[in-house]
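# Structural overview for review
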Amino acid sequence: MAVNAVEQVTEQAPADDFQALEDKIYRTIEMYKAARQAQAAAERDAQRLRQQVEERDEQLVSLRREAVQLKKDREEIRGRVEKMLAQIESIAEERAS
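Residues numbered from 1 in each chain as written. Predicted model: local features only at pLDDT ≥ 70, side-chain atom pairs only at ≥ 80, totals over all residues. Heavy atoms only, no water.

## Some details on the overall build of the chain
As a reminder of what qualifies: Going along the chain from the N terminus, every DSSP run of H or I of four or more residues is numbered as a helix, and every run of E of two or more is numbered as a strand. A 1.4 Å probe rolled over the protein chains alone gives each residue an accessible area, and that area as a share of the maximum for its type sets the label: buried under 20%, exposed over 50%, partly exposed in between. Surface accessibility follows the Shrake-Rupley procedure with a 1.4 Å probe radius. Residue values consider only the protein chains on display as shielding.
What the chain contains, in helices and strands, is two helices and zero strands. Going through the 97 residues of the chain one by one, you find that 0% of them count as buried. Accessible area of the chain: about 9,300 Å², with a carbon and sulfur share of 56%.

## Considering a nonpolar patch on the surface
Rules: Note on patches: the residues involved have over 30% relative accessible area and no salt bridge, like charges join within 9 Å, and the nonpolar side chains Val, Leu, Ile, Met, Phe, Trp and Tyr join within 5 Å. What makes a salt bridge here is a side-chain nitrogen of Lys or Arg within 4 Å of a carboxyl oxygen of Asp or Glu, nothing more.
On the surface, Ile77, Val81, Met84, Leu85 and Ile88 cluster together into a nonpolar patch covering about 460 Å² of accessible area. For isoleucine 88, the position within the fold is in helix H2 (residues 15–96).

## Quick word on the pattern of salt bridges
Taken as a whole and assessed by the stated rule, the structure comprises five salt bridges. Of the charged contacts, one joins aspartate 45 and arginine 48 as a salt bridge, the two residues approaching to 3.7 Å between their closest N and O atoms. Of this pair, aspartate 45 and arginine 48 both sit in helix H2, three residues apart, which is roughly one turn of that helix. Aspartate 45 sits in the partly exposed class, given a relative accessible area of 38%. Here arginine 74 ties to glutamate 75 by a salt bridge, and the two come within 3.8 Å at their closest N and O atoms.

## Topic: the environment of arginine 78
We apply this condition: Definition of a polar contact: a pair of N or O atoms within 3.5 Å, with one able to donate and the other able to accept a hydrogen when the atoms are protein atoms, and with sequence-neighbouring residues admitted only if both atoms are side-chain atoms.
Topologically, arginine 78 is positioned in helix H2. On the basis of relative accessibility, which here comes to 41%, the residue arginine 78 falls in the partly exposed class. At 3.1 Å, the side chain of arginine 78 and the side chain of glutamate 75 are in polar contact.

So, in structure tokens, the structure goes:
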């Protein structure tokens, strides 16, 4: 009876159908491999971009600190220049008198 069942299955699923199914399975496997490779590449790209963002954030913090320091330096220099100009005006007024 088992032999009859095998013969019936063989008759129901001809070799061409099996070959088509096998081809579909192999294509699916290849698509899966390609998807995994694409996912791995996307993860590498995401990691690289995260690293770049982190570096840019560090640069931004550094540039902000530098800008604050430059503003302080500018104000200090402005004060010193104003003081010198006041002294020059004072000397000029003394000579004019």
